[in-house]
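Per-entry structural report
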2 protein chains.
Amino acid sequence: MDRPYHHGDLRAALVAAALQAVERHGHAAVSLRALAQALGVSHAAPYRHFANREALLAAVAAAGFASLVEGYLAAWHTAGAVPAASRLRAAARSLLTFATERPALFRLMFQGAPPPGGRAAADAAYASFAATVAATLPGAPEAAVKARTIAMWSTLHGFALLCLEGRLRPFMLGPLPPAALLEAVLDAALASPATSLATSPAPGPAVA
Amino acid sequence: MDRPYHHGDLRAALVAAALQAVERHGHAAVSLRALAQALGVSHAAPYRHFANREALLAAVAAAGFASLVEGYLAAWHTAGAVPAASRLRAAARSLLTFATERPALFRLMFQGAPPPGGRAAADAAYASFAATVAATLPGAPEAAVKARTIAMWSTLHGFALLCLEGRLRPFMLGPLPPAALLEAVLDAALASPATSLATSPAPGPAVA
DNA sequence: GGGGATGAGTTGGCAGTGTCAACTTGTCGC
DNA sequence: GCGACAAGTTGACACTGCCAACTCATCCCC
């Protein structure tokens with residue numbers, strides 16, 4: 001049986017294969033030519049569907065974001081009618097689980113400046129996250145909610161990356177069991193400090 | 001004037017040139033061949049000093065860590081006799097400054113699993129950080145100190161990366177001025193939640 | 001139903017990369 | 001002076017992303 005001239009849905013097949021390759025060997029090791037060969041098409045065929053390598057990886061990252069919010073919202077909803085803080089904790093835990101279970105994909109999603117076309121998926125994911133955080137702070141002023149959202153995101157994002165990059169070495173933990181560390185970090189992420197929202201004369205971060 | 005056969009200190013020259021290239025164009029764009037050409041040596045000369053590209057980049061990252069702790073400790077010491085929390089805040093601010101002022105170098109330092117030989121510099125940097133955090137928590141039990149250290153690191157690390165990757169978009173900040181956000185994140189990082197250090201049956205993070 | 005138009009896939013090639021093996025050149029110690 | 005050894009060179013291989021020119025299949029329209 002010889003393959004037909006037209007593949008059928010090469011674009012989707014490429015994204016799927018690239019996702020698999022990313023998860024298996026990291027996004028640095030994906031080669032368009034290797035993917036094409038694995039799918040039985042010629043080495044230039046991918047360029048009919050993606051402008052370049054980066055565009056294909058952006059599509060993979062978008063799929064990753066979709067999967068991330070799916071798990072996040074599922075955790076949020078199945079947590080049910082427990083206090084809002086507990087729901088948020090459950091959702092945050094699902095975030096960290098995603099990061100540690102699919103490290104290479106997570107890296108791809110958050111590494112490097114996001115490509116122009118790839119911002120939509122990331123923005124949508126942020127929207128879901130922000131909504132759940134806001135739900136735990138009813139009546140708080142907008143600026144305080146936004147600050148809390150980004151602070152919490154920072155803690156979770158930083159911890160996720162430190163974990164999956166193998167940056168947390170045993171000597172840093174000492175007698176502290178990993179599970180306890182996880183809980184402590186969740187405590188830190190969820191704790192709401194008395195945020196001093198007075199504008200102070202400090203250098204601000206670059207906001208793109 | 002023709003160059004002598006032996007370069008003199010090609011190794012140091014390579015690291016310096018690579019550092020410059022990283023800061024200018026990002027570590028993905030450094031090419032051993034281009035560096036060699038720029039230094040007036042043949043394309044294979046770098047392999048006399050570095051086993052491969054990764055080893056050279058590891059040396060650059062190590063230099064970055066040295067520079068990072070230099071600035072960090074300077075900020076810590078010049079903060080002087082103010083309360084411990086303020087000193088730590090000043091030091092933390094220097095960390096974020098480093099990240100936003102030298103984004104490409106920071107990325108290189110923390111991205112991807114650290115190479116076997118490149119752990120020493122990162123470990124030394126962590127030691128400085130941990131020492132300053134511990135100084136603000138006199139008398140606290142070891143596990144609590146370690147948990148606080150990593151939680152604080154997570155927040156700072158995450159915020160730094162979100163900033164320098166351009167992940168913080170204007171719509172996420174709304175009316176919140178960047179300087180206020182910075183302060184809010186520092187508040188969150190420095191706040192000490194009532195850490196529940198009881199071991200709970202939750203999946204722990206992978207610790208390498 | 002014949003016949004373009006057009007999207008999808010192919011072949012071939014270019015420039016550039018990391019890496020290795022074999023060779024040459026300089027330097028230093030005996 | 002000479003031989004060992006480190007440092008640098010040449011040449012090659014396999015691989016990559018990307019582009020231009022070409023071919024094939026399909027679909028719409030008269």
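This is a predicted model, so every value here is computed, not measured.

Criteria and thresholds
- Residues numbered from 1 in each chain as written.
- Chains lettered and ligands numbered in written order.
- Predicted model: local features only at pLDDT ≥ 70, side-chain atom pairs only at ≥ 80, totals over all residues.
- Heavy atoms only, no water.
- Core = buried A, V, L, I, M, F, W, Y, C linked by side-chain atoms within 4.5 Å.
- Buried < 20%, exposed > 50% of the residue type's maximum accessible area, 1.4 Å probe, protein only.
- Domains from an automatic or database assignment.
- Contact = heavy atoms within 4.5 Å.
- Phe/Tyr/Trp six-rings, centres within 6.5 Å; stacked < 30°, edge-to-face > 60°.
- Helix = DSSP H or I, 4+ residues; strand = E, 2+ residues; numbered from the N terminus.
- Lys NZ or Arg CZ within 6 Å of the ring centre and 35° of its normal.
- Polar contact = N/O pair within 3.5 Å; in protein donor to acceptor, adjacent residues only side chain to side chain.
- Near = heavy atom within 4 Å.
- Nonpolar A, V, L, I, M, F, W, Y, C, P; charged D, E, K, R; others polar.

Looking at the nonpolar core
- By size, the foremost hydrophobic cluster in this structure holds 129 residues, and its most contacted members are L156(A), L168(A), L156(B), F159(B) and L168(B).
- Looking at which domains feed residues into this core, each of domain 1 (9-50) and domain 2 (60-190) of chain A supplies at least three.
- With residues near it in sequence (within four places) discarded, L156(B) still touches A92(B), L95(B), L96(B), F129(B), L186(B) and A189(B).

Considering the packing of aromatic side chains
- All chains considered together, the criterion is met by 10 aromatic pairs over all chains.
- With 4.8 Å between their ring centres and 45° between their planes, F106(B) and F110(B) make a pair best called tilted. With F106(B) and F110(B) both in helix α5 (residues 103-110) and 4 residues apart, this pair spans about one turn of that helix.
- Its relative accessible area of 2% is what places F106(B) among the buried residues.
- For F110(B), a relative accessible area of 10% gives the class buried.
- Taken together through their ring pairs, the aromatic side chains of F65(A), F106(A) and F110(A) make up a single cluster.
- Positioned above the aromatic ring of W76(A), the side-chain terminus of R87(A) is 4.2 Å from the ring centre.

Digging into the side chain of T132(A)
Residues and elements named next belong to chain A.
- Tracing the backbone through its elements, the reader meets T132 in helix α6 (residues 119-135).
- Residue T132 is classed as buried on the basis of its relative accessible area of 4%.
- Here Y72 takes part through its side chain, which lies 2.8 Å from a polar atom of the side chain of T132.

Digging into the protein's contact with DNA strand C
- Of all residues adjacent to DNA strand C, which total 23 residues, the nearest are S42(A), H43(A), H49(A), R33(B) and Y47(B).
- When the atoms of DNA strand C within 4 Å of the protein are sorted by group, sugar and phosphate make up 52%.
- Within the side chain of S31(B), a nitrogen or oxygen atom sits 3.1 Å from a phosphate oxygen of DNA strand C.
- Looking at the surface near DNA strand C residue by residue, the class counts come to 10 nonpolar, 9 polar and 4 charged.

Notes on the environment of A74(B)
Residue and element names in this part refer to chain B.
- Within the fold, A74 resides in helix α3 (residues 53-78).
- Overall, A74 belongs to the partly exposed group, its relative accessible area being 37%.
- In this structure the C-alpha to C-alpha distance between A74 and S94, which are 20 residues apart in sequence, comes to 9.0 Å.

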